[in-house]
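This is what each chain is made of:
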Amino acid sequence: MDFLEGIKSAIFYLRSNKLRSFLTTLGIIIGVMTVITVVSLIEGLNLKVKNMFSTLGTNVIYVSKFPFIQTSSKNYRKYIKRKPLTVEDAIAISKHCPDVSFVSPVINSSSDVKYKGKRIELVHVSGVNQNYQDIIGQYVDEGRNYTEGEVDRRRFVCVIGKTIAKTFFPAGNALGRRIDIRGYKFKVIGVLEGRGNLLGNDMDNIVNIPYTTMQKIIGRRRHLMIVVSAEDKELAMDEMRGVLRVRRKTPEKAEDDFSFGTQDMLLNFYKKFTGAAFLVMIGIASLALLTGGVGIMNIMYVTVTERTREIGIRMAIGAKKRDILWQFLIETITISVIGGFVGILAGIGLGKMISIVSHLPFAVALWSVLTAFIVSAGLGIVFGILPARKAANLNPVEALRYE
Amino acid sequence: MLIIAKHLKKSYRMGKVKIEAVRDVSIEIHKNAFVSIMGPSGSGKSTLMHIIGCLDKPDSGEYFLNEKDVSKIHDDELAEIRNKFIGFVFQTFNLIPRMNALSNVEMPLVYRGEKTKYRKEKAISALEKVGLGHRIYHNPNELSGGERQRVAIARALVTDPAIIIADEPTGNLDSKTGAEILSLFDKLHKNGKTIIMITHQREVAEIASKIIHIKDGNITDREIIKEM
Ligand SMILES: Nc1ncnc2c1ncn2[C@@H]1O[C@H](COP(=O)(O)OP(=O)(O)OP(=O)(O)O)[C@@H](O)[C@H]1O
Ligand SMILES: [Mg+2]
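In what follows, the accompanying structure is described. Bear in mind that the values here come from a model prediction, so they are computed numbers and not experimental data.

1. Considerations on the side chain of lysine 10 of chain B
Residues and elements named next belong to chain B.
- Among the secondary structure elements, lysine 10 is positioned in strand β1 (residues 3–14).
- A polar contact of 3.0 Å, which involves the side chain of lysine 10, links it to the backbone oxygen of lysine 57.
- When neighbours within four sequence positions are excluded, lysine 10 is seen to be in contact with Ile19, Glu20, Ala21, Val22, Thr47, Ile51, Asp56, Lys57, Pro58 and Asp59.

Shown next as structure tokens:
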């Protein structure tokens, strides 16, 4: 009996007992659905995060006395006790590290920003130098950036993000206006190009001012980071490590008392995090699939018993053992593949629903669909083989006698 | 000789009891014979038929079908022989439920690996031969007993086998329908088929040219009805 014939016969029997077929495949449907939903959500997140890192620029290295990614607050006191980084450190890096392209100190603060009675809360205000735009790769597309001279002279000038510009100056006449940050008036000299939204964070709700001015208005004791760009990040980090350890008089044997941060690190951290979610999902899905497989095996045993006489008839008119084996195996595979298919559709639907309700991104990964198909076919083979063998090994005369 | 069987034995074991269904049967059937087998219930008729029909193997003895020793060959080869040489007709029709007449009749050709189109043509022509050309898409449960048995006969015929083996083909039918089925067998016999038929009823058995009487697993009598 050929394959197509087997599938036809399988679909025929499935259709003649719809409820039972549905219940049989429920385990597989749920298992596959779980996989597809979770994988699609994670995949959507992945795409989004990759986008985020590419918009942030891949050549950026942050230097801070705090670790870039803190997973616990355990060593917090140790980090707090570390010497702060200084503007002089930044200058030394730009002088002595040939593989570092641009350097800027960074002093961040979250401040309310006001303009003529309008007010935006918790704006990300960064004190940076004139090179910051080249490091991050975000330039002004209206007006101009501030100059080295303006940084040196601690001018009250700023470049603002799109959100600020749109909120305060819907008519688009932002340049030359004075906005209020922490009680100081800053002259708007440029509007930054837009970056959009990332995981619910408005990336355009920002203001950049000279770091020198920032120090003037919030004091010098504020936590300072250094951000640099480099083509070869490993090389640049080695050079910076050398410079900083000497400047900070870090003892020979001691570990670095500062940390580097790159997007690769964030990405790795993110991958570890989603990897854990993945494992949990695989656990759940495997259980569901196992239950589904055992369910299918049970039903197939029942089916073989119910159709004993039919098997006898088929043997009497010339079916060989392997014909019967194939018939039931193909039937089981068809059931589980159909279950897998329904599971894939349900998973996509559920993922879509979750993403609509929760605003999480969502992307169906082709590999997960293919895997789901292969896994469900595999389940059919694994759990179908025993019932199919039972059918194939029936004695034709006994089978014909079966009432 | 189409069939030569010597000293066939077949017994079943039920716990400690050994039931000798066929004790020592030797039988010869030539091509285009029409043989009835009669005997009381439990005398071993069906068991013998299963061996002759290559559905089962004897415990001992020799069986030559078309000059080939088939008493010791592999199950798969037996299946192939059943498919090529033998058509079965049963008392209880034994059609596959939920499949229409056409699909039922096509089935032996499926196992022969024939193409869909050829199968359908052959099956329709077999159904027409038994007078069921107008019922090909009916499921068994939509057919009368006599019609079901005709479908079964069409299925037995569709591979154009040398031998038709019928185990009480009229046992579940009223006498009028039974007579129609018998005349169908008669026609097949005249067209060159070898027919072996089990029956309880003398008047049914007499349609054949020879009656073999069986009791307790042994042949007790061979009765010639008509000379060929
Ligand atoms: N699978 C089996 N297991 C045990 N005993 C069996 C089996 N098949 C047949 N028998 C026994 O073998 C004997 C012969 O059975 P068989 O079916 O050949 O009789 P039969 O002549 O066809 O009877 P009937 O006219 O009632 O159909 C019976 O006693 C039966 O109980
Ligand atoms: Mg019998």
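2. Some details on a positive patch on the surface
All names here are of chain A.
- Among the surface-exposed residues, Arg153, Arg154, Arg155, Lys216 and Arg220 lie close enough to one another that they form a single positively charged patch.
- Inspection of the secondary structure puts arginine 153 in the loop between α6 (148–152) and β5 (157–160).
- Using a relative accessible area of 52% as the deciding quantity, one classes arginine 153 as exposed.

3. Focus: the site of ligand 1
- Taken together, 16 residues surround ligand 1, and among them Arg401 of chain A together with Ser41, Lys45, Ser46 and Thr47 of chain B come closest.
- This site is not confined to one chain, since residues near ligand 1 come from chains A and B.
- Between an oxygen atom of ligand 1 and a main-chain N or O atom of glycine 44 of chain B, the distance comes to 3.0 Å.
- One nitrogen or oxygen atom from the side chain of serine 46 of chain B is found 2.7 Å from an oxygen atom belonging to ligand 1.
- Sorting the residues of the shell around ligand 1 by element identifies α14 (396–401) of chain A together with β1, β2 (17–29) and α1 (45–52) of chain B as the ones contributing at least two each.
- Among the elements that take part in the shell around ligand 1, α1 of chain B stands out by supplying 3 residues, more than any other.

4. Quick word on a nonpolar patch on the surface
Residue and element names in this part refer to chain A.
- Together, Phe341, Leu345, Leu366, Leu370, Phe373 and Ile374 make up an exposed nonpolar region whose accessible area comes to about 610 Å².
- Contributions of two or more residues to the nonpolar patch are made by α12 (321–358) and α13 (366–392).
- A per-element tally of the nonpolar patch places α13 first, with 4 residues.
- Within the secondary structure, leucine 345 sits in helix α12.

5. Looking at the environment of arginine 247 of chain A
Residues and elements named next belong to chain A.
- Structurally, arginine 247 is set in helix α9 (residues 233–247).
- The exposure class of arginine 247 is partly exposed, given its relative accessible area of 38%.
- Separated by 120 residues in sequence, arginine 247 and glycine 127 have C-alpha atoms that sit 23 Å apart.
- Residues contacting arginine 247, with those up to four places away along its chain left out, are Thr86, Glu88, Asp89 and Ala92.
- A polar contact is formed between the side chain of arginine 247 and the side chain of aspartate 89, at a distance of 2.6 Å.

6. Re the sheet that holds strand β8 (residues 194–199) of chain B
Residues and elements named next belong to chain B.
- Strand order in the open sheet formed by 6 strands is β6-β7-β8-β3-β9-β10, and the pairing between neighbours is mixed. This sheet does not close on itself; its edge strands, each paired only once, are β6 (86–90) and β10 (218–224). Across the sheet, the mean angle from the axis of one strand to that of its neighbour is 15 degrees, orientation sign disregarded.
- Sheet topology note: the strand β7 (residues 163–167)/β8 ladder contains 5 bridges and is parallel. Bridge pairing in β8 links isoleucine 165 to isoleucine 196.
- The strands touched by helix α2 (residues 75–85) are β6 and β7; relative to β6, the strand with the most contacts, the crossing angle is about 80 degrees.
- On the sheet, helix α5 (residues 145–157) packs against β6 and β7 and is oriented at approximately 170 degrees with respect to β6.

7. Section: the sheet that holds strand β5 (residues 68–69) of chain B
Residues and elements named next belong to chain B.
- Overall, antiparallel pairing links the 4 strands, which are arranged β2-β1-β4-β5 in an open sheet. Single-partner strands in this sheet number two, and they are β2 and β5.
- Summarising the sheet, strand β4 (residues 60–65) and β5 pair through 2 bridges and their orientation is antiparallel. Looking at the pairing, phenylalanine 64 lines up with aspartate 69 of β5.

Conventions we followed
Here the residue numbers are simple positions, counted from 1 along each chain's written sequence. To label them, take the chains in the order written and letter them from A, then take the ligands in the order written and number them from 1. Since the coordinates come from a predicted model, pLDDT governs what is reported: local features require at least 70, and pairs of side-chain atoms require 80 or more to be given and counted, while whole-chain, interface and lining totals use all residues. Heavy atoms throughout the structure, all of them, feed into the side-chain values; hydrogens and water do not. Each helix is a run of H or I in the DSSP string that is no shorter than four residues. Each strand is a run of E no shorter than two, and both are numbered from the N terminus. Here a polar contact is taken to be a pair of N or O atoms separated by no more than 3.5 Å, where protein atoms must pair a possible hydrogen donor with a possible acceptor and residues adjacent in sequence count only if both atoms sit in side chains. Residues count as neighbours in contact if any of their non-hydrogen atoms are within 4.5 Å of one another. Exposure above 30% relative accessible area and the absence of a salt bridge qualify a residue for a patch, where like charges join within 9 Å and nonpolar side chains (Val, Leu, Ile, Met, Phe, Trp, Tyr) within 5 Å. Here, Shrake-Rupley sampling with a 1.4 Å probe gives the accessible areas, and only protein chains in the shown set may cover a residue. Between Lys or Arg on one side and Asp or Glu on the other, a salt bridge is scored when a side-chain nitrogen of the former is within 4 Å of a carboxyl oxygen of the latter. As used throughout, the charge tally considers Lys and Arg to be positive and Asp and Glu to be negative, leaving His and the chain termini uncounted. Where a charge lies is defined by one atom per residue type: Lys uses NZ, Arg uses CZ, Asp uses CG and Glu uses CD. Only protein chains enter the accessibility calculation, which uses a 1.4 Å probe; a residue whose area is less than 20% of its type maximum is buried, one above 50% is exposed, and one in between is partly exposed. Only a single heavy atom is needed: when it lies within 4 Å of a molecule or strand, its residue is near that molecule or strand. Only strands joined by at least two bridges in the DSSP assignment are considered to pair. Lines are fitted to the C-alpha atoms to define the axes, a helix being fitted only along its stretch in contact, and any angle between axes, read from their N-to-C directions, falls within 0 to 180 degrees.

Worth remembering: the numbers are spatial, not functional.
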